[in-house]
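Architecture at a glance
As a plain string of letters, each chain reads:
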Amino acid sequence: MPLKIKCVWCECASEFAIKKGQILFQQGENADKFYIVRSGRISIQMPAIIGPDLEIQKLGKDQVLGWSWLIPPFKWTFQAMPEEDSELLMFDGATILERCEKEPRFGYELLKKFAALMSMRLDAARQKMMGEWNPAGFA
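What comes next is a walk through the structure. Counting of residues starts from 1 at the beginning of each chain's written sequence and follows it residue by residue. Local features are withheld for residues below a pLDDT of 70 in this predicted model, meaning they are given only at 70 or higher, and side-chain atom pairs are given and counted only at 80 or more; totals for whole chains, interfaces and linings count all residues. To obtain the side-chain values, all non-hydrogen atoms of the structure were used and water was disregarded.

A few points about the sheet that holds strand S6 (residues 79-82)
We treat two strands as partners when DSSP finds at least two bridges between them. The helix count covers DSSP runs of H or I at least four residues long, the strand count covers runs of E at least two residues long, and both are numbered beginning at the N terminus. If you trace the 3 strands from one edge of the open sheet to the other, you get S4-S3-S6, paired in antiparallel fashion. One side of each edge strand has no neighbouring strand; the edge strands of this open sheet are strand S4 (54-59) and S6. Between one strand axis and the next, the sheet turns by 30° as a mean value, whatever way the strands run. As paired elements, strand S3 (residues 42-46) and S4 share 5 bridges and run antiparallel to each other. Paired with Gln-45 across the strands is Glu-55, a residue of S4. Axis definition: a line fitted to C-alpha atoms, over the contacting stretch in the case of helices. Angles run 0 to 180 degrees between N-to-C directions.

This is how it looks when you write it as structure tokens:
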């Protein structure tokens with residue numbers, strides 16, 4: 001889901017590069033930022049109790065990564081790792097939340113965009129878990 005960047009975002013954004021295989025963030029860590037993928041591919045994963053992590057989605061160019069910065073308790077709900085060297089725009093969530101408090105209309109518009117992102121991400125997780133963790137013969 002592309003998110004158009006307006007000039008007002010520039011003060012909150014910085015470029016960020018990450019190498020293949022490095023962990024961008026892990027489930028349960030503090031979340032205070034979000035990203036837009038500029039190049040590369042990022043795997044969103046759900047850690048498994050036993051066995052390999054479950055890949056939920058792969059994100060590429062112009063896709064938004066991260067919504068946990070927006071909702072208390074501000075902890076990542078998934079983990080993310082690049083499948084190839086990647087370049088991202090990293091946004092300061094705390095600064096953006098301050099602006100949302102000062103400008104409710106801006107905050108409402110932002111919340112609508114991120115609510116759609118959350119819905120898509122959670123639906124992808126549900127679909128993937130049902131497909132991967134559904135034992136044969138289970139109705």
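Section: helix H1 (residues 93-102)
The rule is simple: take the accessible area with a 1.4 Å probe, protein chains only, and divide by the maximum for that residue type; under 20% is buried, over 50% is exposed, in between is partly exposed. Residues of H1 that are buried: Gly-93, Ile-96 and Cys-100. Take H1 and look down its axis: the buried residues cluster within an arc of 65°, on one side only. Residues of H1 that are exposed and angled more than 90 degrees away from the buried face: Glu-101 and Lys-102. Residues adjacent in sequence count toward polar contacts only when both atoms are side-chain atoms; beyond that, a polar contact is any pair of N or O atoms within 3.5 Å, and within protein one must be able to donate a hydrogen and the other to accept it. For H1, the capping residue at the N-terminal end is Asp-92, with a side-chain oxygen 3.1 Å from the backbone nitrogen of Ala-94. Here the arc refers to the directions that run from the helix axis out to each C-beta atom.

Considering the pattern of salt bridges
Salt-bridge detection follows one rule: a side-chain nitrogen of Lys or Arg within 4 Å of a carboxyl oxygen of Asp or Glu. Using the criterion set out here, one finds 8 salt bridges in the structure. Across the pair Asp-32 and Lys-33 runs a salt bridge whose closest N-O atoms are separated by 2.7 Å. Given the relative accessible area of 40%, Asp-32 is considered partly exposed. Ionic pairing is found between Glu-83 and Lys-58, a salt bridge with its closest N-O pair at 3.7 Å. With Glu-83 in the loop between S6 and strand S7 (86-92) and Lys-58 in strand S4, this residue pair connects regions lying 25 residues apart in the sequence. Given the relative accessible area of 28%, Glu-83 is considered partly exposed. You can call Lys-58 partly exposed: its relative accessible area is 44%. What you see here is one network of salt bridges that share partners, running through Glu-55, Lys-58 and Glu-83.

Describing empty space enclosed by the protein
Here a cavity denotes a set of grid points, spaced 1 Å apart and computed over the protein atoms alone, in which a 1.4 Å probe fits but from which it cannot get out, and a pocket denotes an open set meeting protein on both sides within 12 Å along at least five of seven lines; residues with an atom within 4 Å of a point are reported as lining. Grid points are joined across faces, edges and corners, and a volume is the space filled by probe spheres set on the points. This model, assessed by the stated rule, comprises 1 cavity of 30 Å³ or more. Empty space within the largest cavity amounts to approximately 70 Å³. Three residue categories are used. Nonpolar comprises Ala, Val, Leu, Ile, Met, Phe, Trp, Tyr, Cys and Pro, charged comprises Asp, Glu, Lys and Arg, and polar comprises the others, including Gly. Per-class residue counts for the lining of the largest cavity are 6 nonpolar, 3 polar and 1 charged.

Considering the sheet that holds strand S2 (residues 33-39)
By definition, the strands of a sheet pair up through backbone hydrogen bonds, in either a parallel or an antiparallel sense. Read from one edge to the other, the open sheet built from 4 strands follows the order S1-S7-S2-S5, with strand pairing classed as antiparallel. Where the open sheet ends on each side, the last strands, each with one partner, are strand S1 (13-18) and strand S5 (64-65). Any two residues whose heavy atoms approach within 4.5 Å at even a single point are treated as in contact. H1 rests against S2 and S7 of the sheet, and its axis sits at about 40° to S7.

Here's the deal with the packing of aromatic side chains
Two rings from Phe, Tyr or Trp (for Trp, the six-membered ring) form a pair when their centres are within 6.5 Å of each other. A pair whose planes differ by under 30 degrees is stacked, one over 60 is edge-to-face, and the rest are tilted. Counted by the stated rule, this structure contains 7 aromatic pairs. For the ring pair Phe-16 and Tyr-35, a centre distance of 6.0 Å and an interplane angle of 45° mean the geometry is tilted. Taken together, the positions of Phe-16 in strand S1 and Tyr-35 in strand S2 put the pair 19 residues apart, joining distant regions of the chain. Looking at Phe-16, the relative accessible area reads 28%, which means it is partly exposed. Plain terms: the ring middles of Phe-34 and Trp-69 are 5.1 Å apart, the flat faces sit at 20° to each other, and that makes the pair stacked. With Phe-34 in strand S2 and Trp-69 in the loop between S5 and S6, the pair connects residues that are 35 residues apart, well separated along the chain. Residue classification places Trp-69 among the buried residues on the basis of a relative accessible area of 1%. The rule for a charge over a ring is simple: NZ of Lys or CZ of Arg within 6 Å of the ring centre, and within 35 degrees of the ring normal. Sitting above the plane of the Phe-106 ring, Arg-99 keeps its charged end 3.8 Å from the centroid.

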